[in-house]
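Examination of the molecular architecture
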Amino acid sequence: MTTTWPPQVRERAHESFPVPALVVMACTGFIVIMTETLPAGLLPQLAGGLDVSEGGAGQLVSAYAIGTVLSAIPAIALTRGARRKPLLLAGLLGFLVANTVTALSPSFTLAWPPGSSRERL
């Protein structure tokens, strides 16, 4: 018994596997997950580096998490029709800028969301 495949299946079988795109997506996933989870394990070091209490550093991490939760669904809805590659690059650039500013900030006030004051922590 011989099986013949439809032409569409035969054409797809000869296409190359998108390894570079998968590597980029895997690296992006790693960066996003690391950015989300790493600060929770570094609260004592964050607090010491920013000269605030561990509770204050925890509030900074919590504010970031709440902002991520509240902006995820609207961001997906607003970018539903956008091309994915430029959107991914813009998102990675945003991560780079935000993490660089936070990492190089000499004070807690620069790392904390605008309008807040360090004295409340």
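As a reminder, the structure under discussion sits directly above these lines.
It should be emphasised that the depicted structure is a prediction, and the values quoted were computed from it without experimental measurement. Within each chain, residues carry numbers counting from 1 in the order of the written sequence. Local features in this predicted model are restricted to residues whose pLDDT is 70 or higher, and side-chain atom pairs enter the listing and the counts only when it is 80 or higher, whereas totals over whole chains, interfaces and linings include all residues. To get the side-chain values, all heavy atoms of the structure are used, and hydrogens and water are removed first.

Side note on the overall build of the protein chain
To be explicit about the condition: Helix and strand assignments come from DSSP, with helices taken as H or I runs of at least 4 residues and strands as E runs of at least 2, each series counted from the N terminus. Think of it in three bands: residues with accessible area under 20% of the maximum for their type are buried, residues over 50% are exposed, and the middle band is partly exposed, with areas taken using a 1.4 Å probe on protein chains only. In these tables, accessible area is a Shrake-Rupley quantity obtained with a 1.4 Å probe, and a residue counts as shielded only by the protein chains included in the view.
On a plain count of helices and strands, the protein chain comes out with 6 helices and 0 strands. The secondary structure elements of the protein chain, listed N-terminal to C-terminal, are α-α-α-α-α-α. Counting over 121 residues, the protein chain shows a buried share of 12%. Of the accessible surface of the protein chain, which amounts to about 9400 Å², a share of 70% is contributed by carbon and sulfur atoms.

Some thoughts on the nonpolar core
Here is the rule: In this description, a nonpolar core means a group of buried Ala, Val, Leu, Ile, Met, Phe, Trp, Tyr and Cys residues linked to one another through side-chain atoms lying within 4.5 Å.
The biggest cluster of nonpolar side chains holds 5 residues, and these are Ala47, Leu50, Val52, Ala57 and Leu60. For this core, the secondary-structure elements that each account for two or more residues are helix H3 (43-50) and helix H4 (54-78).

Thoughts on the environment of Leu87
The test is simple: The criterion used for residue contact is that any of the two residues' heavy atoms lie within 4.5 Å.
Within the secondary structure, Leu87 is located in helix H5 (residues 84-104). Judged by its relative accessible area of 29%, Leu87 falls in the partly exposed class. Those residues in contact with Leu87 that sit more than four places away from it in its chain are Thr79 and Ala82.

Things to note about the side chain of Thr35
The criterion, for reference: Whenever two N or O atoms come within 3.5 Å, that pair is a polar contact, provided that in protein one can donate a hydrogen and the other can accept it, and provided that, for residues adjacent in sequence, both atoms are side-chain atoms.
Within the element layout of this structure, Thr35 appears in helix H2 (residues 19-41). Of the residues examined, Thr35 reaches a relative accessible area of 13% and is grouped as buried. Here Ile31 takes part through its backbone oxygen, which lies 2.8 Å from a polar atom of the side chain of Thr35. Every residue in contact with Thr35, bar those within four places of it in the chain, is listed here: Tyr64, Phe95 and Asn99.

A few points about a nonpolar patch on the surface
Stated formally: Patch membership needs two things, relative accessible area over 30% and no salt bridge, and members are linked within 9 Å if like-charged or within 5 Å if nonpolar (Val, Leu, Ile, Met, Phe, Trp, Tyr). Any Lys or Arg side-chain nitrogen located within 4 Å of an Asp or Glu carboxyl oxygen qualifies as a salt bridge.
A surface patch of nonpolar side chains, amounting to about 430 Å² of accessible area, comprises Phe30, Ile31, Met34, Leu38 and Leu42. Position of Leu38 among the secondary structure elements: in helix H2.

Examining H4
To be explicit about the condition: In this scheme, a helix's expected span is set at 1.5 Å multiplied by one less than its residue total. Here the bend at a residue means the angle between the axes of two seven-residue stretches, the one that ends at it and the one that starts at it.
Here H4 is 25 residues long and its end C-alpha atoms lie 36 Å apart, about the 36 Å a rise of 1.5 Å per residue gives. Where H4 bends most, at Ser71, the angle is about 35°, and the proline Pro74 comes one to four residues later.

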